[in-house]
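Chains, contacts and geometry: an overview
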Amino acid sequence: MALVALLALPAPPGENGSAGGTAADAVSALVVLWCVVRAVRGAHRPLTRTAAVVLGLPVIGIAVAAVGASTASAGVTGLVRYLQIFVLVPAAVLLLVRDRRDFRLVAWSLVGLALFQGALGVHQYVTGTGASYMGSDVRAVGTFGPTDVMGMATVVSYGVVCALALALGPASARQRQAAVVCALLLVVPLALSFSRGAWIATVVACGAQLGLAGVRRALRALAAVTAAAVVLVGGFGIGTQLLQDRISSITQVTDAPDQSVTDRYTMWAAAVDMWKDEPVSGVGLKAFPDHRDSHASLALSSASDTAGAGVGFSRQPLLSPHNMYLLVLGEQGLLGLCTLVGSWAAFLLLGLRRLARVRGRSGADCALVACGLMLWQLVDFSYADIGGPSTVLTAVALGLVAWWSLSGRALAAPVPVPTPVPGPGEVSR
């Protein structure tokens, strides 16, 4: 929870105006170190065989791609980052979460962080102090700044997915009502993030959660969302022209794409060309920028413009294809893509199988949180990749998914609180 809370702090600027190492990254390293110390002191195998295989599968492709990196420093940096996000921190969360109560606490902490970042983002939109978008400083980015415009969108999306799952679970009426309110409130900053990829991923994940929870609950939730949309758009005027144009642009990515879409398509094609050169192991970790210009067409712009949210105008280099699957394919080849995606597929399949065992009973909210987060991430990775201070939160989310999918404690029945027995001389009421 402390690791999640640290993401509320503004990230320090790094090279080229991007975010450098954060306090959350440092704490994630301490969390992993603490798990190692516990395992050594306990002198026992911390992970089951299945958990070790599923979590360790990506190491194969990552290690091979690190050896093939253009420089030793790039290989080491990429190796550490990939292991942190996809192996070490998820394994640490798997080991440290003791029961469903701990799981729910972490899920609520994600909702709390989303509410904080979302409130700041709405304030940025209202006061015109956000990141630059279409000539106006109205884009909600929270504390992540204009160089990581996906940061707040990712945090808020996680909050929506977690809140909806907690609302659909068999919890107390007060908790379900609070979760519904949080989910509806977070829709506003998610819209004002102007992130099309986050919108699509959230709709898919939440739709799947509603379907998995049951038809009746899905219809009730759909009615509530529709009513909220009518109030926000019609009553408060949230649906500005900028937002309407952004929504309509989702269907225009092939007919009349803007420059950002053109750049994305061009970098996608460049990543595929890199894979064709090295189909098995890729061109090496963090080597996409080095090979980009030799594989990209002239339609690619040199950089994107960033400004606003307290930061002056700058040109942000385009250093990744903004598609996790193609980034891994280009840098790690088929070996890296199959091992990494295979691990995620195992998370989802095992999580869905366990969801079927607890549907409508205690633990269903945890199952919906895990499956929703995994589905959101799988869809969002079609429009984004790792990078920026919010990336460590992705590792925490994958850790929650891993806990539900792989931990034996996820299906353990809650331990009942013992009733005190009256002692001698006491009156039992």
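Look at Phe194: it is not a glycine, yet its phi comes out positive at around 55 degrees. Of note, Phe194 is situated in the loop between helix 7 (173-192) and helix 8 (196-213). Notably, His322 is not glycine yet its phi reads approximately 55 degrees, a positive angle. By the secondary structure assignment, His322 is in the loop between strand 4 (311-317) and helix 13 (324-358). By relative accessible area, which is 29% here, His322 ends up partly exposed.

Pairing of strand 1 (residues 131-133) with strand 2 (residues 136-139) involves 3 bridges; the strand directions are antiparallel. Bridge pairing in strand 2 links Tyr133 to Ser136. As consecutive antiparallel partners, strand 1 and strand 2 are separated by 2 residues, and within that stretch Met134 has a phi angle of approximately 55 degrees, a positive value.

Let us look at the side chain of Gln209. Note that Gln209 resides in helix 8. The contacts of Gln209, once residues within four sequence positions are left out, are Val161, Leu164, Ala165, Leu168, Leu368, Val369 and Gly372.

Let us look at helix 14 (residues 364-380). Over its 17 residues, helix 14 runs 24 Å from end to end, which matches the ideal 24 Å to within 8%, given 1.5 Å per residue. In terms of residue burial, helix 14 counts as a mostly covered element, since 17 of its 17 residues are buried.

Right, let's talk about the packing of aromatic side chains for a bit. One pass over the structure, following the stated rule, counts 8 aromatic pairs. Relative to Phe86, the ring of Tyr82 lies with its centre 5.9 Å away and its plane at 35 degrees, an arrangement referred to as tilted. Residue Tyr82 and its partner Phe86 are both found in helix 4 (residues 72-96); the two are separated by 4 residues, about one turn of the helix. For the pair formed by Tyr82 and Phe86, the shared burial category is buried.

Now for the confidence of the model for the protein chain. Per-chain confidence: the protein chain averages 83 in pLDDT, with 79% of residues scoring 70 or above. Note on residues 15-19: pLDDT under 50 across the span, and 13 contacts to partners over four residues away in sequence or across chains.

In this section: the pattern of salt bridges. As a working rule, side chains carrying opposite charge can pair if their charged atoms are close by. Overall, the coordinates contain 3 salt bridges when judged by the stated rule. A salt bridge links Arg104 to Asp365; the shortest N-O distance between them is 2.7 Å. Separated by 261 residues along the polypeptide, Arg104 in helix 5 (residues 100-127) and Asp365 in helix 14 bring together distant segments of the chain. Exposure remark for Arg104: the relative accessible area of 22% places this residue in the partly exposed category. Owing to a relative accessible area of 2%, Asp365 belongs among the buried residues under this scheme.

Our next topic: the environment of Trp376. Among the structural elements, Trp376 can be located in helix 14. The exposure class assigned to Trp376 is buried, which follows from its relative accessible area of 0%. Once the C-alpha coordinates of Trp376 and Trp199 are considered, the two residues, 177 residues apart in sequence, prove to be 9.9 Å apart. The residues contacting Trp376, other than those within four sequence positions of it, are Thr154, Ser157, Tyr158, Val161, Ala198, Ala201, Thr202 and Ala205.

Moving on, we get to the environment of Gly408. Following the sequence through the fold, Gly408 ends up in the segment after helix 15 (391-406). The class for Gly408 is exposed, based on a relative accessible area of 60%. As a C-alpha pair, Gly408 and Thr48 span 360 residues in sequence and 9.0 Å in three-dimensional space.

Turning our attention to the side chain of Ser195. Note that Ser195 resides in the loop between helix 7 and helix 8. Ignoring any residue separated from it by four or fewer positions in sequence, one finds Ser195 in contact with Arg139, Met150 and Ala153.

Turning to a nonpolar patch on the surface, a few remarks are in order. A cluster of nonpolar side chains, Leu30, Leu33, Trp34, Val36, Val37 and Val40, forms an exposed patch at the surface whose accessible area comes to about 580 Å². Relative to the assigned elements, Val37 resides in helix 2 (residues 23-42).

Calculation rules
- Residues numbered from 1 in each chain as written.
- Predicted model: local features only at pLDDT ≥ 70, side-chain atom pairs only at ≥ 80, totals over all residues.
- Heavy atoms only, no water.
- Helix = DSSP H or I, 4+ residues; strand = E, 2+ residues; numbered from the N terminus.
- Buried < 20%, exposed > 50% of the residue type's maximum accessible area, 1.4 Å probe, protein only.
- Pairing = 2+ DSSP bridges.
- Contact = heavy atoms within 4.5 Å.
- Expected span 1.5 Å × (residues − 1).
- Phe/Tyr/Trp six-rings, centres within 6.5 Å; stacked < 30°, edge-to-face > 60°.
- pLDDT = per-residue confidence, 0-100.
- Salt bridge = Lys/Arg side-chain N within 4 Å of Asp/Glu carboxyl O.
- Patch = residues over 30% accessible without salt bridge, like charges linked within 9 Å, V, L, I, M, F, W, Y side chains within 5 Å.
- Areas by Shrake-Rupley, 256 points an atom, 1.4 Å probe, with all protein chains shown as cover.

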